[in-house]
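Coordinates in review
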Amino acid sequence: MKNKILVTGGVGYIGSHTCIELINAGFDIVVYDNLSNSSIEALHRVESIVGQSIEFIEGDILDYSLLDHVFKTYEFFAVIHFAGLKAVGESVAKPLLYYKNNVTGTLNLLEVMQRYSVKNFVFSSSATVYGDPETLPIVETAPRSCTNPYGQSKLTVEYILEDLAQSDPTWNIVSLRYFNPVGAHKSGLIGEDPNDIPNNLMPYISQVAVGKLKQLSIFGNDYDTVDGTGVRDFIHVVDLANGHVAALDYLVNHQAIGFLPINLGTGKGTSVLELVHAFIESTGVDVPYQFVDRRPGDVASCYASAAFAKELLNWSADLNIVDMCRDTWQWQSKNPKGYTSESFS
Ligand code: NAD
Ligand code: UDP
């Protein structure tokens, strides 16, 4: 059977959306998460969307003996590894926490996988591994570099995965480099629920729109871009989730693939100002903003070449910026306090 999948970090933002698409595609999943950055309510809502219960293990990827027990209990075909810490600013303040969680945690997981001969692996990497890109759109063979501990932890794991695949051709590793995931499931039941004040643009916009935050600060309007604001490749989280299903389908049908990095983006750049205006127009809700200085470490433009994902996985993004704004707003307006909001009916 090639359908039992371990999903680490499956209660989080991208993981929860991916669980839905995996179940819809007929995969049988076990979710492993320590709930350090998520609420179990997200998984309950996923269960209500798919109409079935999901096996859940509350555990840490740093806990080798629990992982060992899990692999002894279940016979997995593959692991999708979302579990990790992701806040760039926090990683600068707490580098040891980030390296331990993201690098040591992944090493633990890989060791247990090796022990049980489970060698199909899908890793949550990031466009951050491209640093300040020399050419656009960014292709998978572009040079890699990082400037903060979060990015370094992703890049380090990619190097480890490359070495592992090189050492043992029976490993099959897909490293999915996400561009900028935004949006929410169309039900409005699940979405992104940051713990503190959001660092990322879309949750900041939606929290201003719902009245939780006063106004958006746009970091820089003097970049060499269409309107001076930063350009990113925003991708709907449901499209991203389907990219994982496509990667698993690929693993089901191909072996001895080594280490395969694949961009998950739309291939289209959108400026910060364009996104803000798209949000206002598609929701009818105002988002007051002001221009402030550039944020240190930000690059002017970053968008994917989506050609390799299309060629190899036959996957491409379907949803556009208006879908992303509409679905974000549906989630945010129905759950103004995220998963701690009153039960959603
Ligand atoms: P998230 O924080 O919502 O989800 C991560 C999940 O992992 C959470 O449920 C958290 O509780 C869990 N987790 C963290 N450390 C763990 C540990 N030691 N053991 C077990 N569980 C642990 O983040 P997300 O946005 O869903 O991101 C998922 C993955 O994708 C992360 O690895 C992240 O770095 C990567 N990624 C995210 C983005 C983005 O913009 N959201 C972009 C590129 C890459
Ligand atoms: N951004 C902004 N205000 C915010 C958050 C982000 O102007 O409050 C800009 C940021 O400078 C960048 C873009 O929005 O140009 C995307 O930022 P985000 O942090 O969401 O993603 P990343 O920088 O990791 O691509």
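Structural data are supplied above this passage.
This structure is a prediction, so every number in the text was calculated from the model and none was measured.

Glancing now at the nonpolar core. Among soluble globular proteins, nonpolar side chains are generally buried collectively. Counting residues in hydrophobic clusters, the biggest one holds 46 residues, and the most contacted among them are Ile5, Val7, Leu22, Ile29, Val31, Leu176 and Leu248. Sort the elements by how many residues they give to this core and helix α8 (residues 237-253) lands first, with nine residues. Residues in contact with Val7, not counting those within four places in the same chain, are Cys19, Leu22, Ile29, Val30, Val31, Tyr32, Ile80 and Phe82. Ile61, Val112, Phe121 and Leu164 belong to the second largest nonpolar core, which has 26 residues in total.

Let's shift gears to the site of ligand 1. Around ligand 1, the structure places 26 residues, and the nearest of them are Ile14, Asp33, Asn37, Ser38 and Tyr150. A distance of 3.2 Å separates an oxygen atom of ligand 1 from a polar backbone atom of Gly12. The contact in question runs from an oxygen atom of ligand 1 to an N or O atom on the backbone of Ile14, over 2.8 Å. Coverage of ligand 1 by the protein amounts to 96% of the 810 Å² it exposes when considered alone. Going through the elements one at a time, α1 (13-24), β5 (120-126) and α6 (149-167) are the ones with two or more residues in the shell around ligand 1.

Turning to the site of ligand 2, a few remarks are in order. Within the structure, ligand 2 sits among 14 residues, and Leu201, Ser217, Arg232, Arg295 and Asp298 are positioned closest to it. Between Arg295 and ligand 2, the recorded distance is 2.8 Å, taken from a side-chain N or O atom to an oxygen atom. Between ligand 2 and the protein, one listed contact pairs an oxygen atom with a side-chain N or O atom of Asp298 at 2.5 Å. Mapped onto the shell around ligand 2, the elements with two or more residues apiece are α7 (201-209) and β8 (216-219). In terms of residues, the shell around ligand 2 owes the most to one element, β8, which gives four residues.

Our focus in this paragraph is the environment of Gly10. Mapped onto the elements of the fold, Gly10 is located in the loop between β1 (4-8) and α1. Of the residues examined, Gly10 reaches a relative accessible area of 0% and is grouped as buried. Separated by 28 residues in sequence, Gly10 and Ser38 have C-alpha atoms that sit 9.3 Å apart. Excluding residues that lie within four positions of it along the chain, Gly10 makes contacts with Gly15, Ser16, Cys19, Val31, Tyr32, Asp33 and Leu43.

Looking now at the environment of Val92. Among the structural elements, Val92 can be located in helix α4 (residues 88-93). Residue Val92 is classed as exposed on the basis of its relative accessible area, which comes to 53%. Measuring from C-alpha to C-alpha, the distance between Val92 and Pro149 comes to 6.0 Å, with 57 residues separating the pair along the chain. Ignoring sequence-local partners within four residues, the contact set of Val92 consists of Asn148 and Pro149.

Moving on: the side chain of Glu47. Locating Glu47 in the fold gives a position in helix α2 (residues 40-50). The buried charged residue Glu47 lacks any salt bridge partner; its closest oppositely charged side chain belongs to Arg45, at an N-O distance of 11 Å. In this structure, Glu47 is in contact with Gln52, Ser53 and Ile54, ignoring residues within four places of it in sequence.

Pairing between sheet strands relies on hydrogen bonds along the backbone, with the strands arranged either parallel or antiparallel. As summarised here, the arrangement of the three strands in space is β12-β9-β14, forming an open sheet in which the pairing is mixed. The sheet terminates laterally at β12 (270-271) and β14 (301-302), the two strands that pair on one side only. The pairing of strand β9 (residues 231-232) with β12 spans two bridges and is antiparallel. Paired with Arg232 across the strands is Thr270, a residue of β12.

Taking 1.5 Å of rise per residue, 14 residues should cover 20 Å, and helix α11 (residues 321-334) covers 20 Å from first to last C-alpha, within 8% of that figure. Of the positions making up α11, those classed as buried are Ile321, Asp323, Met324, Cys325, Asp327, Thr328, Trp329, Trp331 and Gln332. The distance from a side-chain oxygen at the start of α11 to the backbone nitrogen of Val322 is 3.0 Å, and the residue carrying that oxygen is Asn320.

Throughout the structure, instances matching the rule amount to 15 salt bridges. With a shortest N-O distance of 2.9 Å, Asp222 and Arg294 are connected by a salt bridge. Placement of the pair is Asp222 in the loop between β8 and β9 and Arg294 in the loop between β13 (289-292) and β14, with a sequence separation of 72 residues. The class for Asp222 is exposed, based on a relative accessible area of 52%. Arg294 sits in the partly exposed class, given a relative accessible area of 42%. What emerges from the salt-bridge pattern is a single network uniting Arg144, Glu158, Glu162 and Arg177.

About the criteria used
- Residues numbered from 1 in each chain as written.
- Chains lettered and ligands numbered in written order.
- Predicted model: local features only at pLDDT ≥ 70, side-chain atom pairs only at ≥ 80, totals over all residues.
- Heavy atoms only, no water.
- Core = buried A, V, L, I, M, F, W, Y, C linked by side-chain atoms within 4.5 Å.
- Buried < 20%, exposed > 50% of the residue type's maximum accessible area, 1.4 Å probe, protein only.
- Helix = DSSP H or I, 4+ residues; strand = E, 2+ residues; numbered from the N terminus.
- Contact = heavy atoms within 4.5 Å.
- Near = heavy atom within 4 Å.
- Polar contact = N/O pair within 3.5 Å; in protein donor to acceptor, adjacent residues only side chain to side chain.
- Areas by Shrake-Rupley, 256 points an atom, 1.4 Å probe, with all protein chains shown as cover.
- Lys, Arg positive; Asp, Glu negative; His and termini not counted.
- Salt bridge = Lys/Arg side-chain N within 4 Å of Asp/Glu carboxyl O.
- Pairing = 2+ DSSP bridges.
- Expected span 1.5 Å × (residues − 1).

Keep in mind these numbers describe shape, not what the thing actually does.
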